Every structure is written in C-alpha cells, then in structure tokens.
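# Per-entry structural report
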Amino acid sequence: MAQKVNEVMTPVPVAVSPDTSLVEVGDLMRQHGIGDVLVVHEGRLRGLVTDRDIVVRAVAAQRDISGTTVADICSTNIVTVAPGEDADAAVRLMRENAVRRLPVVDGDRPIGMVSIGDLAVLRNEHSALADISAEPPNT
C-alpha cells in the first residue's frame, strides 16, 4: 500500500506572520536548520519564503534586510498537497511545478511540510539524495 503524505511529512512546520522581518526569518532558518518558512496569517497559509528568496529577492536587490518583511518577498502562488494524498502525488506535483518542497495543508491551514529529501528517503533510503537529506544541517 502506498504511503500517504502525512506519513512522510515533517509535522508542525516553522511559520511566521507576514510582517516578520527577514532578519528574524533568517535566524529561525539557522536555529532550525531549514531553508524554508511558511507565512501564515490568522492560521491560514499565505506564502512561503526560502533562503533562496532572501538571497535573490532581497540581498541581491540590495533591500534593507532588517526593514523588509517576508510579505515583501515571499512566494504567494504556492503549490500544496493534502495530508491524505499518496506520496507519489507529492512527487508528481514537485516534478510538474519544479519545486523542492510542498506545504501540507488541511483546507488552507498548514500542518506539515514534505520535501524532495523526505520523498527520496521513502523511495530509496540508500540513494545519494537520501544520504544527503539524512545529514544534520550545516549551522
């Protein structure tokens, strides 16, 4: 039987409000060893900001990092997946949309995050990507 997304996702993803500064978000990413943070307003998913977003949309654009909020640079057209979907559906969504991570939502409320690394471990725990994904984060 195929595994469901809720069996491979990381539960309770790190989330911030839209008015959170990029400095705060970067610090959260460092503390948690992650490269993405959900943007949530009143419990509902409103965006996703990645470490790459911060570099490309803020640092490279020479924005004031302490005065710029996640709402200013986050992606708002987000591909999501439901917790009861098959993990293969998540793989398909990632491939079709060229993304490496998907927020897992129950309606429009985020409950987890599934990454390409999570799915690599599921498919072949001995693959190079699974090995890399199992390593502790660089801090």
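Parameters and conventions
Residues numbered from 1 in each chain as written. Predicted model: local features only at pLDDT ≥ 70, side-chain atom pairs only at ≥ 80, totals over all residues. Heavy atoms only, no water. Helix = DSSP H or I, 4+ residues; strand = E, 2+ residues; numbered from the N terminus. Buried < 20%, exposed > 50% of the residue type's maximum accessible area, 1.4 Å probe, protein only.

Looking up the protein in an unreviewed UniProt entry gives the name CBS domain-containing protein, with the organism given as Actinomadura monticuli.

In this structure, Val-12 is a non-glycine residue whose phi angle is positive, near 50°. Along the polypeptide, Val-12 turns up in the loop between strand S1 (10-11) and strand S2 (15-16). In the Ramachandran plot, Gln-62 falls in the positive-phi region, its phi being about 55° despite a non-glycine side chain. The residue Gln-62 is located in the loop between helix H3 (51-59) and helix H4 (70-73) in this model. You can call Gln-62 exposed: its relative accessible area is 74%.

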